[in-house]
Amino acid sequence: MSVSDRLAELGLTIPSVAAPVAAYVPAVVTGQYVYTAGQLPFVDGALPVTGKVGSDVDAETATAQARQAALNGLAAVASVAGSLDRVARVVKVTVFVASDPSFTGQPGVANGASTLIGDVFGDAGVHARSAVGVAVLPLDAPVEVELVVELTA
């Protein structure tokens, strides 16, 4: 089954690539790998929620935001790879969570991104991951997601 078919089966649409908010590009290809810039959970060019997870944003909402940021990451990958069907494997997912100092549920929030990747790519979506709590993210976003994927030759 193609990735496009799988996305349709899941009821997902790859969004337009989010415009960079500073001096960088959304993704680059080097050799057979794509590295994305940190992707925020933009929907139609805006952040649906802002603030720290654990105080301003609950964990469930943050998990959904991590899923959206990962979907935006897939858009960035597709923009340089030509098609998500070229993804041989998702190698690494890094999820940054803007956290209240008392919040320790970063791995659960990061599952929003990891689950999406697994749902879309199956075995090729099994990846290494880091879930990192940080003080603040750009534009006061609650989460940011980076992807590293390997492309087919």
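Look up: the structure comes first, before these words.
Residues numbered from 1 in each chain as written. Predicted model: local features only at pLDDT ≥ 70, side-chain atom pairs only at ≥ 80, totals over all residues. Heavy atoms only, no water.

A. Seen up close, the overall build of the chain. When its secondary structure is counted, the chain shows three helices and five strands. Of the regular secondary structure in the chain, the N- to C-terminal order runs α-β-β-α-β-α-β-β. Taking the principal axes of its C-alpha atoms as reference, the chain extends roughly 45 × 30 × 25 Å. Relative to its 153 residues, the chain shows a buried fraction of 43%. (Helix = DSSP H or I, 4+ residues; strand = E, 2+ residues; numbered from the N terminus. Buried < 20%, exposed > 50% of the residue type's maximum accessible area, 1.4 Å probe, protein only.)

B. Broad picture of the environment of Lys52. Positionally, Lys52 belongs in the loop between strand S2 (33-36) and helix H2 (59-81). Separated by 40 residues in sequence, Lys52 and Lys92 have C-alpha atoms that sit 24 Å apart. Excluding its chain neighbours within four sequence positions, the residues that come into contact with Lys52 are Val57, Ala98, Ser99, Asp100, Ala135, Val136 and Asp140. (Contact = heavy atoms within 4.5 Å.)

C. Summary view of the pattern of salt bridges. Evaluation of the coordinates by the stated rule reveals two salt bridges. One salt bridge connects Glu9 with Arg6, and the closest N-O pair in it is separated by 2.0 Å. Of the two residues, Glu9 and Arg6 both sit in helix H1 (residues 3-10), three residues apart, roughly one turn of that helix. Using a relative accessible area of 23% as the deciding quantity, one classes Arg6 as partly exposed. The salt bridge involving Lys52 is made with Asp140; its shortest N-O contact spans 3.8 Å. Separated by 88 residues along the polypeptide, Lys52 in the loop between S2 and H2 and Asp140 in the loop between strand S4 (128-134) and strand S5 (143-151) bring together distant segments of the chain. Owing to a relative accessible area of 30%, Asp140 belongs among the partly exposed residues under this scheme. (Salt bridge = Lys/Arg side-chain N within 4 Å of Asp/Glu carboxyl O.)

D. Inspection of helix H3 (residues 106-121) at higher detail. For H3, with 16 residues, the first-to-last C-alpha span of 23 Å sits near the 22 Å given by 1.5 Å per residue. Of all the bends in H3, the greatest measures close to 30° and is centred on Gly112. Within H3 the residues assigned to the buried category are Gln106, Val109, Ala110, Gly112, Ala113, Ser114, Leu116, Ile117, Val120 and Phe121. Its buried side turned inward, H3 meets H1, H2, strand S3 (87-98), S4 and S5. (Expected span 1.5 Å × (residues − 1). Bend = angle between axes of the 7 residues up to and from the residue.)

E. Focus on unusual backbone geometry. Phi is positive for Leu139, close to 60°, though the residue is something other than glycine. The residue Leu139 is located in the loop between S4 and S5 in this model. Residue class for Leu139 comes out exposed when judged on its relative accessible area of 52%.

F. Fine view of the side chain of Gln39. With respect to the element layout, Gln39 can be found in the loop between S2 and H2. If we skip the residues at most four places from it in the chain, Gln39 touches Ala18, Pro26, Ala69, Asn72, Gly73, Ala76, Val143, Glu144 and Val145.

G. Layout of the sheet that holds S4. One open sheet holds the five strands; their spatial order is S1-S2-S5-S3-S4, and the pairing between them is mixed. Unpaired on one side and paired on the other, strand S1 (27-30) and S4 mark the two borders of the sheet. Strand-to-strand twist of the sheet, defined as the mean angle between neighbouring strand axes without regard to direction, takes the value 15°. Where S3 and S5 come together, nine bridges link them in antiparallel fashion. The partner of Thr94 across the bridge, within S5, is Glu146. (Pairing = 2+ DSSP bridges. Axes fitted to C-alpha atoms, helices over the stretch in contact; angles between N-to-C directions.)

So far we have only geometry, and geometry alone does not tell us how the molecule works.
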